[in-house]
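Fold and contact review
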Protein chains: 4
Amino acid sequence: MGIRVAVAGASGYAGGELLRLLAGHPEFDLIAATAHSQAGQHVTSVHPQLAGLDLTLGSTDAATLSDADLVFLALPHGQSGTLAARLPAGVKVVDLGADFRLESAEQWTRYYGGGHAGTWTYGLPELPGARAAIAGSDRVANTGCYAATIILALAPLIAAGVADPEDVVVVASSGTSGAGRNPKAHLLGSEVMGDLAPYKVGAHQHVAEIKQATGAASLSMTPVLAPMPRGILATVTAKRRNGGDPREALQAAYVDEPFVHVLAEGVWPHTAATSGSNSCHLQATVDVDSGRIIVVSALDNLGKGAAGQAVQNANIMFGLPETAGLSVFGVAP
Amino acid sequence: MGIRVAVAGASGYAGGELLRLLAGHPEFDLIAATAHSQAGQHVTSVHPQLAGLDLTLGSTDAATLSDADLVFLALPHGQSGTLAARLPAGVKVVDLGADFRLESAEQWTRYYGGGHAGTWTYGLPELPGARAAIAGSDRVANTGCYAATIILALAPLIAAGVADPEDVVVVASSGTSGAGRNPKAHLLGSEVMGDLAPYKVGAHQHVAEIKQATGAASLSMTPVLAPMPRGILATVTAKRRNGGDPREALQAAYVDEPFVHVLAEGVWPHTAATSGSNSCHLQATVDVDSGRIIVVSALDNLGKGAAGQAVQNANIMFGLPETAGLSVFGVAP
Amino acid sequence: MGIRVAVAGASGYAGGELLRLLAGHPEFDLIAATAHSQAGQHVTSVHPQLAGLDLTLGSTDAATLSDADLVFLALPHGQSGTLAARLPAGVKVVDLGADFRLESAEQWTRYYGGGHAGTWTYGLPELPGARAAIAGSDRVANTGCYAATIILALAPLIAAGVADPEDVVVVASSGTSGAGRNPKAHLLGSEVMGDLAPYKVGAHQHVAEIKQATGAASLSMTPVLAPMPRGILATVTAKRRNGGDPREALQAAYVDEPFVHVLAEGVWPHTAATSGSNSCHLQATVDVDSGRIIVVSALDNLGKGAAGQAVQNANIMFGLPETAGLSVFGVAP
Amino acid sequence: MGIRVAVAGASGYAGGELLRLLAGHPEFDLIAATAHSQAGQHVTSVHPQLAGLDLTLGSTDAATLSDADLVFLALPHGQSGTLAARLPAGVKVVDLGADFRLESAEQWTRYYGGGHAGTWTYGLPELPGARAAIAGSDRVANTGCYAATIILALAPLIAAGVADPEDVVVVASSGTSGAGRNPKAHLLGSEVMGDLAPYKVGAHQHVAEIKQATGAASLSMTPVLAPMPRGILATVTAKRRNGGDPREALQAAYVDEPFVHVLAEGVWPHTAATSGSNSCHLQATVDVDSGRIIVVSALDNLGKGAAGQAVQNANIMFGLPETAGLSVFGVAP
C-alpha cells in the first residue's frame, strides 16, 4: 500500500493539476480531495479532463483530511493557516498558498493584509541547502508561481556575485490560469484572447518572496496577463558585476538538476516548451547596449510554478526519487 | 533490458509526441529517431519541449532502424511503403501514415494519388475484433486523426442498427498541428489565430477510411481548421433507425474501454479536456427538431489521433498492458 | 444637426460595438447610452477601446432615451418589450434582442420561456422584400447572430428550389463574445483558449428564427463555442434538389448586395476575413460522396450578426445610404 | 477627384492594412497596389478581408507607381532606397521600411547590414516639432512598430527631465503580424499559440531608432513574440529624476493629441483596446520598491505602429485633417 495523500482545495486549477499528477504517481494513493462550494460533486463535473477518475469531492475540513499521510493545501491565500493548525502533527503538509512563505510578518501584512500565520520551510529544492531542509520538514511552503520563475533565474547570479542585487528589473507574463478560476469579467475569454494586460504594476505580492529568496535589494516587477492558459515567461535584468558570465553561473548552479535546464547557447526559453511539465528553462546574455545581464526564464505556472513543484517537494519529504510522478518533458505544440 | 524502439520521421509533430511518450514509457527503450532535412541535429533543436533528452536525430534509412524490435513510421503519406519493405521481417512496425490503411487500391489512388502500397491490420483497438488482429500482427496501420474521432463516434451506432448508414453528415474541426509542420502561409499564427477556416470541403481523404471502418454508405465531411494547436471535435449526425438510443449504444460498446469515455448524460465533450491524453470523449442525443442522432466526439489529434494510438497499438502487439506509457487524463486548462 | 440616436444596454459586447460604429457614423449623433449596474460610469471604464469618446453611461429608462430620434435596444432577451412600450411612438427602434423576432408565440415560449411581446419587421435586408418593409417600419427586430449567418446561406437555396427544406443539418461555431459579458466559469479565458465546446446541442433558440425566415421544414443545429473573440462559421448542408447549382443560386440572390460576398469558385469563407466588418462571406459546393449541398457562411457575430446589422437597418429606416458608417472590409490579420 | 495614391509592397500585413485604410479614406483614391511574387493576382486572393475591393496587384516598379501623387512603400528593409530613387521628384513618398529612419550610417550598417540609403524626415508627428517637418517634406520615414510604442512612452519623460536617459530597460511583446508573412516554421500557428518566445534579446534593430528619437543613452530591450495577431505592449522603466511625476509629463505632452491617450489614473493600457485603431494608450507610475518609473504603452503594430501611422503622416503632408480615414477607437473584444 502506498502513501495516502489528500488535496484540500481541489476545485481550482492548481488543485486539478495536482489531482492529475497524483492519479499517475507511482507511490502516492489519492484518498480524498475536497472543495468548498463544489463539495459533493463528482470530480469530473469540476475537472472534465479527469474522465476515468472515480472520485467525489468532499468538504474541506480537518476530519476529511486527517487520515492522510500527506495533505496538499491548494486554498485561497489566507486560508491555509487555520486548516493546517487543525491537522494532526503526524500529517505532512505542503501548502501551495502564500500563508507560510514569508519570514517577515510585516511584509506579509503589507502585501496580503491580515495577520501572519507563520513561516514554514521554503519549498524550492534547487536553492542551496533547500533539499535537506525540505527532507527534514513536515510542513513546507510551496513557492509562488512568479516567484519560482524569477528566483530560479536570479538567485544564482546574485549568489555568485555576477549580478548586482540593487535595481533588478523584471517583466513577467503569465497565462490566465495563474489568475484563478473565479469568474471575473476581465478574465473572460473574450477579453483575454488577443490581449496583453499589465496589472499590479510595481505592487505584486511576490516581490517580497523573491527578495527574501534571492537577496535582491530592490526590484521593480511588472506582471502581465498573456493570452494563453498556462506558462510564465520572466525577463530578469540586473547590472552586471565583476565581468562575470551569467550563463556560466546558471550552468554551475543547475548542472545536476533534473528539472532546471540552461539551454544551448543562443537558444531562448519559451513557455510552450515547458507546458504540462515540471521543468524550468533558462538562458542568459549580456545586453550589448546597456551592459545589463538579461536572463529569461520559462516554466508552467501550474507545473513547476505550483502543482509539480508541490509533488517534487512531497517526493523529497518522503525520501522518494525526486522525479517520481513528474515529467521533465513539455506537451507541445 | 526493454524492448528497443525507433521512430522514423521524428521531426514532425506526431514524431515529437511519439518521442515524448516513448521517453516516459516503462518498457520501451528509445534507441533511435530519424529525420530528413534535420538529421544530425540534437533532438532539442527540433523539439525544445524535450530538453533533458539526450538524442541526436539520425537519417531515415533502413540500416539505422533495423536494430529495433519495433519501428514507428511517422512519415509523409506515400513514403512508408518503400521504407517498410526494407525493414527486416522480424521488426514490428506501426505506420502512422495513410499508406496501408485502405483495403481498396482504387480508393487509395482516388484520395492520395499514386500506387497503393498494400493493406495492413487497421489499428483501432476499440473496433470489434481489432485487438486480436493487432496482437497477431507485425505490421499495423494507425488510424487517421479525423478518422479515429469519427469512427469511434459512428461505428457502434451503425453496428447496433441505431444509425442509418446512408446520409451521414460530419463537420469536424481540428487544431493546427494536424496540418503539419511544413511552413505554409495559411498556417502562420497571424492567419490562424481568431479564425475558423474550412478546407477540402466534401473531399477529405479520410472519408474512405471512415466508410471502410464504419460501414457508412454515404458521408458528407466538412473539415475546419480551428485556432488551437491540438484537438479534434467532430459532430456526427445520422438518421435514427428503429427508435434506438444512441447513448446506450455507445455505452455498450465502450463500457470496458480505458480510453473511450461516454460522458455523463447531458455533458458534452470538448477538446481541451483530452489534450495530451490518449482519451476520446463521447456524447450523443436525438435532435428535437429533425429527429437526427447527433454524436459529438473529442480527442487529441496527436494523442488518440496519432502518437498515443500508435503506442496503444504497440502495447498490444507486444502483450503489454494497453495503458503502459499513456495517460487517460488530459492536461487542462 | 444629425439624427439623434441612443443605445440602451450599452455595456455589453454588442452595445460596445454599436457605440464604436455610431461614434464614426456620418449622420447619427450619439446623444445617450445607458446601462444597468454600470450606469454612472464613464464609457471608457466599460469599453476601454473607446478611449477618446467622452460619454457617461446613463440608466436604462424611457426618460433618458425619449429625446432620441432612434433608439437601439441591446438588452438581455425578454427585456426589450417593456422598455419599447414606454418609448414615444415617434421614436424609431431597432431591437437587437430576440423579443420581437418570432411570429409564433408558441415558438417564442418554447425557446425563450415567458410571454411573447409581439412581432416586428424582421431586420435582414437581404431577404426578398425586406428592404421595403424595413424602410416602412418604425420598429425593427434585428436578426440573431447564428440566425443571420445561417439564413444568408440557406434562404436563397430553398427559395430557388435547389435545396430540400427537409433534413437540413447545420454545425455552427461562434467566437466567445456571442456568449456575452456576464462572468461565468466556462467562459474564462483559461477554459476557452485551446478548446472547442458544443452546447445547446439540438436545442438552440435560433432554430425557430431560421425556419421562419428560410422555410426550412426540419433542421438539426449544433452550436460550438470556438477559441476566438469574434466570428461565426456555419456549415449548412441540405439535400440537393433538381440538380440545381447552389453557388449560382447564391450569386443570383446577392449580386447587388454590398455586404454579402459569394467568393471566387473554390475559395472558402473564413471568419477572420470578416472581423470588424458588416460583411458575410459565402461559398457552396455539392459534396462528391453524399450529393448533399454544402454551404459555408462566415461573418462577425458583433458586426453583421448584431451591431453592424442594426446600423444597416437604421440606415434603411432613415433613407440613408445603406453602407453609411459601416465597413465592407474586415480587420485582418 | 481626390489625391491619387499607390502602395508598393501591398501583399504583406502592413500593405494589407494600408489598403484597408486607403479604401475607406475620404480624400485618397487608391489607383495602384503592387507586389512581387503575387503580382497579377486579384487583391482578394492575397487579402480575403478586402472582398468587395476590385483591384489587381501590379508589379513593383517605378512605372506603375509614377502616376500617383503619393506612394507608400511597404517593402522589406533595404529595398526602399532603390525604388524611391526612381520615383519622380513630385511624387510624395512615405516609407514604412527602415531604410531612411536612421541619421547614422554606422548604426544602420550595424543593425541592418549593407549601405545606408540616407535619412528622411522622421515620421512620428507627436514628437516636438515633427508636424511642421512632416508637412514640409516630400519624403517621410515612418517609425518602426516597436520604436513607435517605446518612443511615445519615453521621449516626453527624458525631455521633461523626469527620467534618466541612462540605463533604460524595456521589455516589449508583439503580436505575430509584426514578424511578417513569410512562412517560417517558428511562426506557425501550432508554435505560437500558447507561447511567449523572446528573440533578438539585447540586439533588436529598433534600439538605434529609439535612442535617436528619445535621447536615451543606454537601453536594454527584450522583444517577445506573443500569441496574438496584433498589438504591442511595451514596459519601459527608467530611473526617476528630480522627483518628477511621469504621468503628468505624459499628460502635458499629449493633452491635445487625438491618437495618444494617457489613461485615467490607475488604469493600465492593454493591447486589445487599440486593435484596428491608430491610437496609443499610455500609463505611468513610480514603482514602490525600486523607485523606478514604469511606463506601459500599447498600440496596434499594424495601426499606429505601421499603416495607420503612415496615413497620419500622409494626411499631414497633404494638409488634410490628421484623423482623416483613421479610427481613434479599437475593435474589441
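Rules used throughout
- Residues numbered from 1 in each chain as written.
- Chains lettered and ligands numbered in written order.
- Predicted model: local features only at pLDDT ≥ 70, side-chain atom pairs only at ≥ 80, totals over all residues.
- Heavy atoms only, no water.
- UniProt positions renumbered as here; feature names shortened; annotations may be inferred.
- Least-squares fit on C-alpha atoms with pLDDT ≥ 70 in both.
- Contact = heavy atoms within 4.5 Å.
- Buried area = accessible area lost by both parts, 1.4 Å probe.
- Salt bridge = Lys/Arg side-chain N within 4 Å of Asp/Glu carboxyl O.
- Polar contact = N/O pair within 3.5 Å; in protein donor to acceptor, adjacent residues only side chain to side chain.
- Helix = DSSP H or I, 4+ residues; strand = E, 2+ residues; numbered from the N terminus.
- Nonpolar A, V, L, I, M, F, W, Y, C, P; charged D, E, K, R; others polar.
- Buried < 20%, exposed > 50% of the residue type's maximum accessible area, 1.4 Å probe, protein only.
- Axes fitted to C-alpha atoms, helices over the stretch in contact; angles between N-to-C directions.
- Parallel < 35°, antiparallel > 145°, perpendicular 65-115°, else oblique.
- Left-handed = near helix turned anticlockwise from the far one by under 90°.
- Domains from an automatic or database assignment.

As recorded by an unreviewed UniProt entry, chain A carries the name N-acetyl-gamma-glutamyl-phosphate reductase and is attributed to Actinoplanes siamensis. Per its UniProt entry, chain A bears the Pathway (unreviewed entry) comment "Amino-acid biosynthesis; L-arginine biosynthesis; N(2)-acetyl-L-ornithine from L-glutamate: step 3/4."

**Examining the relation of the copies chain B and chain C**
Taken as rigid bodies, chain B and chain C are interconverted by a rotation of 180° and an axial shift of 0.0 Å, the fit giving an RMSD of 0.0 Å. Such values leave the two copies arranged in the relation of a two-fold axis. Interface residue correspondence from chain B to chain C reaches 100%, placing this contact among same-surface, isologous pairings.

**Some details on the interface of chain A and chain D**
With 44 residues of chain A in contact, the opposing surface of chain D contributes 44 residues. When chain A packs against chain D, the two sides together hide about 3,500 Å² of surface, and 61% of this comes from carbon and sulfur. At the junction of chain A and chain D, the tally comes to four salt bridges. For Arg292 of chain D, the salt bridge is made with Asp167 of chain A, and the minimal N-O distance between the two is 2.7 Å. There are 14 residue pairs in polar contact (both at pLDDT 80 or more) connecting chain A and chain D. Counting only elements with at least two residues in the side of chain A that touches chain D, the list comes to strand E8 (168-174), strand E9 (197-198), helix H9 (206-214), strand E10 (219-225), strand E11 (232-239) and strand E14 (292-299) of chain A. With five residues, the single largest contributor to the side of chain A that touches chain D is E10 of chain A.

**Section: the interface of chain B and chain C**
Listed per partner, the contact involves 44 residues of chain B and 44 residues of chain C. Here chain B meets chain C over a buried area of about 3,500 Å², counting both sides, of which 61% is carbon and sulfur. When the buried surface of chain B facing chain C is broken down by residue, Leu196, Val201 and Asp289 of chain B rank first, second and third, together holding 17% of it. Here chain B is connected to chain C by four salt bridges. Taken together, the links from chain B to chain C amount to 14 residue pairs in polar contact (both at pLDDT 80 or more). If you list the elements that add at least two residues to the side of chain B that touches chain C, you get strand E8 (168-174), strand E9 (197-198), helix H9 (206-214), strand E10 (219-225), strand E11 (232-239) and strand E14 (292-299) of chain B. Counting residues per element, the side of chain B that touches chain C draws most heavily on E10 of chain B, which supplies five residues. Residues of the side of chain B that touches chain C, tallied by class, amount to 22 nonpolar, 13 polar and nine charged.

**Some remarks on the pattern of salt bridges**
Enumeration according to the criterion identifies 64 salt bridges over all chains in this entry. The closest approach of N and O atoms between Glu322 of chain B and Arg131 of chain B, which form a salt bridge, is 2.7 Å. Residue Glu322 of chain B is found in the segment after helix H11 (303-317), and its partner Arg131 of chain B is found in helix H6 (residues 130-135); the two are separated by 191 residues along the sequence. Residue classification places Glu322 of chain B among the buried positions, given a relative accessible area of 16%. Residue Asp289 of chain C pairs with Lys211 of chain B through a salt bridge whose shortest N-O separation is 2.6 Å. With Asp289 of chain C in the loop between strand E13 (280-286) and strand E14 (292-299) and Lys211 of chain B in helix H9, this residue pair bridges two chains. By relative accessible area, which is 18% here, Asp289 of chain C ends up buried. By relative accessible area, Lys211 of chain B is classed as partly exposed at 23%. The network of salt bridges with shared partners includes Asp167, Lys239 and Arg292 of chain A together with Asp167, Lys239 and Arg292 of chain D.

**Describing the relation of the copies chain A and chain D**
Expressed as a screw transformation, the operator carrying chain A onto chain D has a rotation angle of 180° and an axial translation of 0.0 Å, and the superposed copies differ by an RMSD of 0.0 Å. Interface residue correspondence from chain A to chain D reaches 100%, placing this contact among same-surface, isologous pairings.

**A closer look at helix H9 (residues 206-214) of chain C**
All names here are of chain C. Among the nine residues of H9, seven are classified as buried, and the element is accordingly described as predominantly covered. Listed as buried for H9 are His206, Val207, Ala208, Glu209, Ile210, Ala213 and Thr214. In this fold, the buried residues of H9 make contact with helix H5 (105-112), strand E6 (121-123), helix H7 (145-159) and strand E10 (219-225).

**Focus: the packing of helix H1 (residues 13-23) of chain A against helix H11 (residues 303-317) of chain A**
Describing two packed helices takes the angle between their axes plus the distance from one axis to the other. All names here are of chain A. Contact geometry for H1 and H11: axes closest at 8 Å, N-to-C directions at 40°. When the axes of H1 and H11 are compared, the pair comes out oblique. In the packing of H1 onto H11, the handedness of the crossing is right-handed. Within the contact between the two elements, H1 uses Ala14, Glu17, Leu18, Leu21 and Leu22 and H11 uses Ala306, Ala307, Gly308, Ala310 and Val311. Class assignment of the residues belonging to the contact of H1 with H11 gives a composition of eight nonpolar, one polar and one charged.

**Concerning the domain arrangement of chain A**
Residue and element names in this part refer to chain A. Here chain A is partitioned into domain 1 (3-142 + 304-317) and domain 2 (145-302). Domain 1 puts 27 residues into the contact, and the matching count from domain 2 is 33 residues. Roughly 2,300 Å² is buried in total at the junction of domain 1 and domain 2, and carbon and sulfur atoms are behind 54% of that figure. Summed over the three residues of domain 1 that lose the most area to domain 2, namely Tyr13, Tyr111 and Lys304, the buried surface amounts to 30% of that side. Inspection of the region where domain 1 meets domain 2 yields three salt bridges. A salt bridge links Glu17 to Arg230; the shortest N-O distance between them is 2.7 Å. Inspection of the region where domain 1 meets domain 2 yields 17 residue pairs in polar contact (both at pLDDT 80 or more). Secondary-structure elements contributing two or more residues to the side of domain 1 that touches domain 2 are H1, helix H5 (105-112) and H11. Per-element tally for the side of domain 1 that touches domain 2: the top contributor is H11, with seven residues. Broken down by class, the residue content of the side of domain 1 that touches domain 2 amounts to eleven nonpolar, nine polar and seven charged.

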